[in-house]
Amino acid sequence: MDTLLGFIVLTGPLFLIVLWVPMCLALAFLVGKKCIKKSLTLKIAGGIAVFLIMLLFPVADEIAGRIYFNHLCETEAGVKVYQTIELPAEYWDEEGKPLFMNSRGVLNMKLLGDRFEWKRQINPYINNFFLRINNYQRVLFNKQTLKVIGEKNSFSRDFGWILTNFTPAPNKGEGCRSVLARKYNDEDFEELEVSKEKDFVLQIFTKSTN
């Protein structure tokens, strides 16, 4: 029984496509034959246009959403540094490498005296039937001065209506991290992510010259 249910879930989207394509063909044939009274060439061209429009219509929100989401990730996602903090020599090793973060760029808050903390915030950026995109922020906050030191800005989105409701995949959306991951292999992507995280931290915390 479980196997049968699993098969139904996995083949559900394919079953919908099998039904939708003949409907698009039938509608295109009907429009070309009944609504276009001119030459055979125009009938064929009109039928093809109707077929393509109808075929893409159910996934139009996914196509538009992905294009706009990629644009946001490439142009508006990133980091901002509002304040730099100088740390004395005891926070650095003999080679000048930071002792207050690990090899992946994760801060050791205890070593920094618990003066800082990360705060997370998710705000709707677009929220309607066709597109759902959220703005995701991680803010590094100085608990002593009550000021924001730096900010990491990103986005997440829900897939289109068809993929969200009929896909068997557990994930119903993606973040900017997924957009970047598609451009690199796993190893290069991991190195890039670590490098970006460390660079961000080292833009904020610098070695004191005194």
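Quick look at the structure, then.

1. Quick look at unusual backbone geometry
Moving on, step 1. A positive phi is found at Asp114, a non-glycine position, where the angle reads about 55 degrees.
Moving on, step 2. Within the secondary structure, Asp114 is located in the loop between β2 (85-87) and β3 (116-127).
Moving on, step 3. A residue is classified by how much of its surface remains accessible, and Asp114, at 43% relative accessible area, is partly exposed.
Moving on, step 4. For Leu146, which is not glycine, the phi dihedral falls at a positive 60 degrees.

2. Quick look at the pattern of salt bridges
Moving on, step 1. Enumeration over the complete set of coordinates arrives at ten salt bridges.
Moving on, step 2. Of the charged contacts, one joins Arg104 and Glu190 as a salt bridge, the two residues approaching to 2.4 Å between their closest N and O atoms. With Arg104 in the loop between β2 and β3 and Glu190 in helix α6 (residues 186-204), the pair connects residues that are 86 residues apart, well separated along the chain.
Moving on, step 3. Of the residues examined, Glu190 reaches a relative accessible area of 29% and is grouped as partly exposed.

3. Quick look at the state of the cysteines
Moving on, step 1. Per the stated rule, a full pass over the model turns up one disulfide.
Moving on, step 2. Disulfide partner of Cys73: Cys176, at an S-S distance of 2.1 Å. The disulfide joining Cys73 to Cys176 has a torsion of about -85 degrees about its S-S bond and is therefore left-handed. Here Cys176 lies in helix α5 (residues 176-181) and Cys73 lies in helix α3 (residues 60-75), a separation of 103 residues in the sequence. Each member of the pair, Cys73 together with Cys176, is buried.

4. Here we look at the packing of aromatic side chains
Moving on, step 1. What the rule picks out here adds up to five aromatic pairs.
Moving on, step 2. Taking 5.3 Å as the distance between ring centres and 80 degrees as the angle between the ring planes, the aromatic pair formed by Phe116 and Phe205 counts as edge-to-face. Here Phe205 lies in strand β7 (residues 205-207) and Phe116 lies in strand β3, a separation of 89 residues in the sequence.
Moving on, step 3. The exposure class assigned to Phe116 is buried, which follows from its relative accessible area of 3%.
Moving on, step 4. Taking relative accessible area as the criterion, Phe205 reaches 1% and is therefore assigned buried.
Moving on, step 5. Here the aromatic residues Trp92, Phe100, Phe116 and Phe205 are joined through ring pairs into a cluster of three or more.
Moving on, step 6. Looking at Lys119, its charged tip hangs above the ring of Phe141, at a distance of 4.0 Å from the centre.
Moving on, step 7. Between Arg138 and the ring centre of Trp118, over which it is positioned, the NZ or CZ distance is 4.1 Å.

Definitions and limits used
- Residues numbered from 1 in each chain as written.
- Predicted model: local features only at pLDDT ≥ 70, side-chain atom pairs only at ≥ 80, totals over all residues.
- Heavy atoms only, no water.
- Helix = DSSP H or I, 4+ residues; strand = E, 2+ residues; numbered from the N terminus.
- Buried < 20%, exposed > 50% of the residue type's maximum accessible area, 1.4 Å probe, protein only.
- Salt bridge = Lys/Arg side-chain N within 4 Å of Asp/Glu carboxyl O.
- Disulfide = S-S within 2.5 Å.
- Phe/Tyr/Trp six-rings, centres within 6.5 Å; stacked < 30°, edge-to-face > 60°.
- Lys NZ or Arg CZ within 6 Å of the ring centre and 35° of its normal.

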